[in-house]
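Chain residues, written in single-letter form:
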Amino acid sequence: MDILDLAFMQRALLAALLVGVTAPAIGTYLVQRRQALMGDGLGHVALTGVGLGFLMNASPVWTATAVCIAGAVVMELIRWYGRTRGDIALAMLFYGGMAGGVMLMNLSDNGSSANLSSYLFGSIATVSEEDIVAICILAAFVILTTVGLRRQLFAICQDEEFARVTGLPVRLLNLLVAVTAAVTVTVAMRVVGLLLVSALMVIPVAASQQIARSFKATFALAVGIGVTVTLSGTATSYYADVPSGATIVLYAIGLFVVLTALAAPLAKRRAGKAAAAEECTLKAPGPRTAADDVKV
């Protein structure tokens, strides 16, 4: 039977495609801002939202989204005002989010360790039609933000002070990046799991940076890598009966190793071409001076 003939695999592949686009898209900005581990922290916070969804008999995706956005806002406030105690406050937020999720999951009537594990490490085969609707809506928000505001977001990621001088609302854009990262975490949690979502935000970007020479090329290549590893990882998990989240992350690491190995020869080749082009460039003669006259 072909994999596309199965309804649950159709949903799984669609979810994997959306995650493959959204996670590296926002991850490009997070890596540029040196906040590569933000997704990991937000994944801990989102677990409380998952547990709250089971406790209230509501959709865990939407409750996790609400809690994760609130956590992202708190993280930005701590970054702005936390100063020396900011790291302690963030640690308490992350660990408290995970502890709260485990507690709420155990207090709910339909919660179990199996449900908890599926959200922690991903269980793409159990993605429901309701999950797909939520993932599509949230993914559309992430794509519109990361692509539609790419110039503004790139400006604040490169130099906040310069962006502020040019009149950009820096704090609002910083908050938007954090909220978009939070939404991406909830989009990806059914595919790669809350504990592995940060890897899909960071590794494709790090891999593309090995050979890309501009922000635009890095963004496009990272998304391409993300789509490749999520779709191939999902197909592998079906045929080999292995966890989808772990498979996707291992594929991403494998591509990173390959591109890293190719980076040095490519850099040497580019340097050789640049040197050859420089040698072939003819300089126009300068104006004639008195010293150039032949004296008899």
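Nothing here was measured: the structure is a model prediction, and the numbers come from that model.

*Asks:* Hey, could you run me through the packing of aromatic side chains in this one?
*Replies:* For any pair of aromatic rings, geometry is given as the distance between the ring centres together with the angle between the planes. This model, assessed by the stated rule, comprises 5 aromatic pairs. Measuring from centroid to centroid gives 6.4 Å for Phe 8 and Tyr 238, while their planes differ by 55°, and the two rings are tilted. Highlighted residues: Phe 8 in helix H1 (residues 7–32) and Tyr 238 in helix H11 (residues 215–240), separated in sequence by 230 residues. Ring geometry for Tyr 238 against Tyr 239: centres 5.0 Å apart, planes inclined by 75°, an arrangement best described as edge-to-face. Judged by its relative accessible area of 28%, Tyr 238 falls in the partly exposed class. Among the residues examined, Tyr 239 registers a relative accessible area of 56% and is labelled exposed.

*Asks:* Please clarify how the confidence of the model for the protein should be interpreted in this entry.
*Replies:* Should the pLDDT be low somewhere, the predicted coordinates at that spot are not to be read in detail. Across the protein, the average pLDDT comes to 82, with 86% of residues at or above 70. Mean pLDDT values for the elements of the protein range from 73 in helix H5 (residues 113–121) up to 91 in H11.

*Asks:* How do you make sense of the environment of Val 133 when you look at a structure like this?
*Replies:* Structurally, Val 133 is set in helix H6 (residues 129–148). A relative accessible area of 49% means that Val 133 is categorised as partly exposed.

*Asks:* Just to check I follow, could you spell out a nonpolar patch on the surface for this structure?
*Replies:* A cluster of nonpolar residues, Leu 55, Met 56, Met 103 and Leu 107, forms a patch on the protein surface that exposes about 420 Å² of accessible area. By the element assignment, Leu 55 lies in helix H2 (residues 38–55). The class of Leu 55 is partly exposed, set by a relative accessible area of 37%.

*Asks:* Help me understand the side chain of Ser 198 in this model?
*Replies:* If you trace the backbone, Ser 198 turns up in helix H10 (residues 197–209). Filtering out sequence-adjacent residues up to four positions away, Ser 198 remains in contact with Ala 36, Leu 37, Gly 39 and Asp 40.

*Asks:* Would you take a moment to explain the pattern of salt bridges for this structure?
*Replies:* Side chains that differ in charge, positive against negative, can pair when their charged atoms come close. Evaluated as defined, the whole model comprises 3 salt bridges. The partner of Glu 76 in a salt bridge is Arg 33, with the nearest N and O atoms 4.0 Å apart. Placement of the pair is Glu 76 in helix H3 (residues 60–81) and Arg 33 in the loop between H1 and H2, with a sequence separation of 43 residues. Each member of the pair Glu 76 and Arg 33 is classed as buried. Put simply, Asp 131 and Arg 190 hold a salt bridge, and the shortest N to O gap is 3.5 Å. Taken together, the residues Asp 131 in helix H6 and Arg 190 in the loop between helix H9 (170–188) and H10 connect sequence positions 59 residues apart. The class for Arg 190 is buried, based on a relative accessible area of 5%.

About the thresholds
- Residues numbered from 1 in each chain as written.
- Predicted model: local features only at pLDDT ≥ 70, side-chain atom pairs only at ≥ 80, totals over all residues.
- Heavy atoms only, no water.
- Phe/Tyr/Trp six-rings, centres within 6.5 Å; stacked < 30°, edge-to-face > 60°.
- Helix = DSSP H or I, 4+ residues; strand = E, 2+ residues; numbered from the N terminus.
- Buried < 20%, exposed > 50% of the residue type's maximum accessible area, 1.4 Å probe, protein only.
- pLDDT = per-residue confidence, 0-100.
- Patch = residues over 30% accessible without salt bridge, like charges linked within 9 Å, V, L, I, M, F, W, Y side chains within 5 Å.
- Areas by Shrake-Rupley, 256 points an atom, 1.4 Å probe, with all protein chains shown as cover.
- Salt bridge = Lys/Arg side-chain N within 4 Å of Asp/Glu carboxyl O.
- Contact = heavy atoms within 4.5 Å.

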